[in-house]
Amino acid sequence: MKEPITDYAAVKTAITEKLARYFGVVPEDATKEQMYRATIYTVKDILAQKRADFKESLKKQRPRTVYYLCMEFLIGRSLKNNLLNLGLEDVYRGVVEEFGFHLDALYDMEPDPGLGNGGLGRLAACFMDSLTTLAYPAMGFSLCYEYGLFRQKIIDGNQIELPDEWLTHGDAWLVPRTDRSVTVRMGGHVTEDWSSGRCAVTYTEYEEVQAVPYDFFVSGFDSPAVNKLRLWRARSSSNFDMSLFSQGQYVQALERNVGAELITKVLYPSDAHDEGKLLRLTQQYFLVSATLQSIIAEHLSQYGSLDSFADKVAIHINDTHPALCIPELMRILMDVYSYRWEDAWSVVTRVISYTNHTVLPEALETWNMDLFRLKLPRIFMIVEEINRRLCADLWNMYPGDWARISRMSIVAYNQIRMANLSVAAAHVVNGVSRLHSEILRQTVFSDFAKASPGKFINVTNGIAHRRWLCWSNPGLSALLEETIGSEYKKDPQTLLQFLSYQDDREVIDRLHVIKQQNKERFAAELYRLKGIRIDPATLFDVQVKRMHEYKRQLLNALKIIAYIHTLRCDPHADIEPTTFLFGGKAAPGYYMAKDIIRLIWSIGDEIEHDPRLRDRIRVVYLEDYNVSTAEILMPASDISEQISLAGKEASGTGCMKFMINGALTLGTMDGANVEMAEAVGSENIYIFGLRAQEVDSLWKEGYSSLRYYQRSDRLRAVIDMLGRGFAGNSFEPIVNYLLYAHGVSDPYMCLADFDSYFAANECMRAAHQDPVSWSRKALINIAHAGHFSSDRCIREYADAIWHIRPIQ
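Anyway, here's the lowdown on the structure attached to this text. Here the structure is a predicted model, which is why all the values come from computation and not from measurement.

A separate point is the overall build of the chain. When its secondary structure is counted, the chain shows 34 helices and 23 strands. Overall size of the chain, expressed as C-alpha extent along the three principal axes, is 90 × 75 × 65 Å. Out of the 808 residues in the chain, the part that is buried amounts to 59%. Sequence-distant contacts in the chain: of pairs separated by 6 or more residues, those separated by 24 or more amount to 76%.

Set out below in structure tokens:
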């Protein structure tokens, strides 16, 4: 076993050797870019050695392993995270400073990998962190997107999407494994031949794409484990057409290569047209086919046959994007390894588990049947047979109940329902908060829950508290170590010990100072990176998340308009100076979300040009919000806005990141807010608005947003101001959306919750006037945040769903 690089001299030698090998320079002649890459290469070597040692343990113990499939992994920067996990940051800081560089400057060179967008991808990254820290055998799978989602620019309030060229500096962590490449087939024609008594399948006129894996090492804190995230890139499986090129047909010679590489160009291509839908379907099948081939090859190399596959393999699909692994695993088992249908289905239903992340009907993924059949003819045949057998079983359970069988079917009304496919095949289905799981049982999957009540469980989401507390908030982390010791880094439940200091004035005052220092740090970074000045002495009211109507950034904007109205009527009104901070991307084809971004920006721009307002309130839209921004913003935040309409947010994890950094939550009884409120007590969280049951009742009674507009003077003034526009921009379409839309006005009930929201916000502002009481509330939130760690979450998945054990 090779000795790892752990001491100062070894690190210095390793970096020097990397500089010489890759760049032909000595440290004193190295550029910042060369030092950045050499540093990463040495850390990657350490991880590779630890991975080799861990793999030896895996070979000896032959454990059951979980394979976690997700279309996105929002992993954030890795250099700092890895050095802190390995306990080597101080060593590396000293070495690079001796070479004339600053480690923090190298950190800043690393881009945020363009592998995710929002909570789904961040959750997947947190899970890999906890799986590795806790030494579980695990491997993540996703796609290696060349341009990520997009890089967001806000120009005069308009979101502009630019390519996110993250691989220019981000490729240093990737390990190409061309030796593990596989081929994925799509399209063409399929015929079945039963003449031999078994089904022989023949493919013709298909297209082949090569899937090339790039491995990304995942470190854990103070752990012997190193797991891998495998990212697939698409390449043409055919050779370059030299004959066409020689004839001057250059575009045609490259056409096949370009078509294949499109698959992994961009995360979530717009599905506003059939071409986009087809590309998304292609991406999903490419991911699952390549992944399953990899999993099976790994299993065969260790065990020699698939007899123990269901005992040694757990495959988890995170939302429905990877649900095609169900028919694809059936295809491989039957067409390649000659399994009977019943035997193949037995394997599939024992290894597959599924996490649902949404209750929004429009977000429950479906595919047009004709499009699906065209792109994936063999998979379509298998899905049809799964559906036929499912409906036959349901007929036996509920004879004559066509309505129920129709709701539960996988193929219906020219659509293929991926959520129904996932639920039908998975041995366990989980929601991600207690409220969300209950809604799944009572509404979204109520028929399935009645048919298989033991299949549905809850595992409330969690966050990687080491990244979001220990590494992002060093001041708070140091205070915790002084008061309760360092055990909380490995056992977050011990944060509860911090409660014993809630009446300790010295600790309370320290918390206040740390918060102020974090605000000053964020303000300095915002000015350095964007040239925007904000006052760290103001109250920081923050809402950062993917732009969507149900998350109700619009409700927040209406509140700000109310304060503008108040200050214009009375410039001396008693309103604490506040900086409202927003961040998040809107999907390229989501025009309402883009209009809300434009509204928020326009409100901020009008404030900047009004001397009556700009010293009292500021509105800043954080362009291209990402993990790195979050890591300095969340420790600086005072108010965490978690204001989705009750019953719409599955869980949320941003709320937990704010909580563990001492921000107080202003929120509805939705998602994880419900469990957070139970943990900290009603006096330490600010809850407003309709409950989920009240929302349902109001819809049934007939919701009229106009009624709320007419009976609230404040709300009426706000909507009238909105109608007049801001910064020269008209927002009449948003007024119509709220009051006069055809069909349903104000579909996420912003107006119904407005007065309650404004009152809760006023209550928070009054509480903030007493810094001792406020900091005490913050302490109580921090102490109770340990329950919302992904370590707890992963242990629940491991025990109740995957049945895996840590490597000893």
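In this fold, Leu86 is placed in helix H3 (residues 79-86). Residues Leu86 and Leu739, spaced 653 residues apart in sequence, show a C-alpha to C-alpha distance of 56 Å. Residues contacting Leu86, with those up to four places away along its chain left out, are Val43, Ile46, Leu47 and Lys50.

The next thing to look at is the environment of Glu701. Inspection of the secondary structure assignment puts Glu701 in helix H28 (residues 692-701). Put simply, Glu701 and Arg350 are 351 residues apart on the chain and 44 Å apart in space, counted from C-alpha to C-alpha.

Here we come to the nonpolar core. Within the largest apolar cluster, 155 residues are counted, with the highest numbers of intra-cluster contacts made by Ile15, Ile315, Phe372 and Trp802. The greatest single-element share of this core, amounting to nine residues, is contributed by helix H10 (residues 274-303). Ranked by size, the runner-up nonpolar core spans 73 residues in total, among them Phe582, Tyr703, Met721 and Phe754.

Inspection of every chain in the model, using the stated rule, returns 20 aromatic pairs. A ring pair is formed by Phe445 and Phe448, whose centres lie 6.4 Å apart and whose planes are at 80°; its orientation type is edge-to-face. Arranged with centres 5.4 Å apart and planes meeting at 80°, the rings of Trp699 and Tyr703 form a pair that is edge-to-face. A connected cluster of aromatic rings, assembled from ring pairs, spans Tyr68, Phe73, Phe127, Tyr797 and Trp802. The residue whose ring lies beneath Lys585 is Phe150, and the NZ or CZ to ring-centre distance is 5.2 Å. Lying over the aromatic face of Trp468, Lys657 brings its terminal NZ or CZ to 4.8 Å of the ring centre.

For the rest of this paragraph, the subject is the environment of Gly462. Structurally, Gly462 is set in the loop between strand S17 (456-458) and helix H20 (465-471). Look at Gly462 and you get buried, because its relative accessible area is 0%. With 197 residues separating them in the primary sequence, Gly462 and Met659 have C-alpha atoms 12 Å apart. Not counting residues up to four positions away in its chain, the partners in contact with Gly462 are Leu123, Cys126, Thr653, Met656, Phe788, Ser789, Ser790, Arg792 and Cys793.

Another aspect to go through is the sheet that holds strand S20 (residues 617-622). Across the sheet, six strands lie side by side as S20-S19-S18-S21-S22-S23; this open sheet has parallel pairing. Bordering the open sheet on either side are S20 and strand S23 (686-687), each of which pairs with just one other strand. Pairing between strand S22 (residues 664-667) and S23: two bridges, direction parallel. By the bridge assignment for S23, Leu666 is matched with Tyr686. Packing against the sheet, helix H23 (residues 553-569) makes contact with strand S18 (539-544), strand S19 (578-583), S20 and strand S21 (639-642), and its axis sits at approximately 155° to S19. Sheet strands in contact with helix H33 (residues 771-784) are S21, S22 and S23, and its direction is about 85° off that of S22.

If you walk through the whole model with that rule in mind, you get 58 salt bridges. Measuring nitrogen to oxygen at the nearest pair gives 3.3 Å for the salt bridge that ties Arg528 to Asp108. Taken as a pair, Arg528 in helix H22 (residues 505-530) and Asp108 in helix H5 (residues 103-109) lie far apart in primary sequence, 420 residues in all. What makes Arg528 partly exposed here is its relative accessible area of 47%. A salt bridge links Asp503 to Arg776; the shortest N-O distance between them is 3.5 Å. Residue Asp503 is found in the loop between helix H21 (474-484) and H22, and its partner Arg776 is found in helix H33; the two are separated by 273 residues along the sequence. Asp503 gets classed as exposed once you look at its relative accessible area, which sits at 67%.

Closest axis-to-axis distance for the H10/helix H12 (residues 325-336) pair is 9 Å, and the angle between their directions is 45°. The angle between H10 and H12 places the two elements in the oblique class. For the pair H10 and H12, the sense of crossing is right-handed. Each of Tyr285, Val288, Ser289, Leu292, Gln293 and Ile296 in H10 lies in contact with H12, whose residues at this interface are Cys325, Glu328, Leu329, Arg331 and Ile332. When the residues that make up the contact of H10 with H12 are grouped by side-chain class, the tally is seven nonpolar, two polar and two charged.

What counts, and at which threshold
Residues numbered from 1 in each chain as written. Predicted model: local features only at pLDDT ≥ 70, side-chain atom pairs only at ≥ 80, totals over all residues. Heavy atoms only, no water. Helix = DSSP H or I, 4+ residues; strand = E, 2+ residues; numbered from the N terminus. Buried < 20%, exposed > 50% of the residue type's maximum accessible area, 1.4 Å probe, protein only. Contact = heavy atoms within 4.5 Å. Core = buried A, V, L, I, M, F, W, Y, C linked by side-chain atoms within 4.5 Å. Phe/Tyr/Trp six-rings, centres within 6.5 Å; stacked < 30°, edge-to-face > 60°. Lys NZ or Arg CZ within 6 Å of the ring centre and 35° of its normal. Pairing = 2+ DSSP bridges. Axes fitted to C-alpha atoms, helices over the stretch in contact; angles between N-to-C directions. Salt bridge = Lys/Arg side-chain N within 4 Å of Asp/Glu carboxyl O. Parallel < 35°, antiparallel > 145°, perpendicular 65-115°, else oblique. Left-handed = near helix turned anticlockwise from the far one by under 90°. Nonpolar A, V, L, I, M, F, W, Y, C, P; charged D, E, K, R; others polar.

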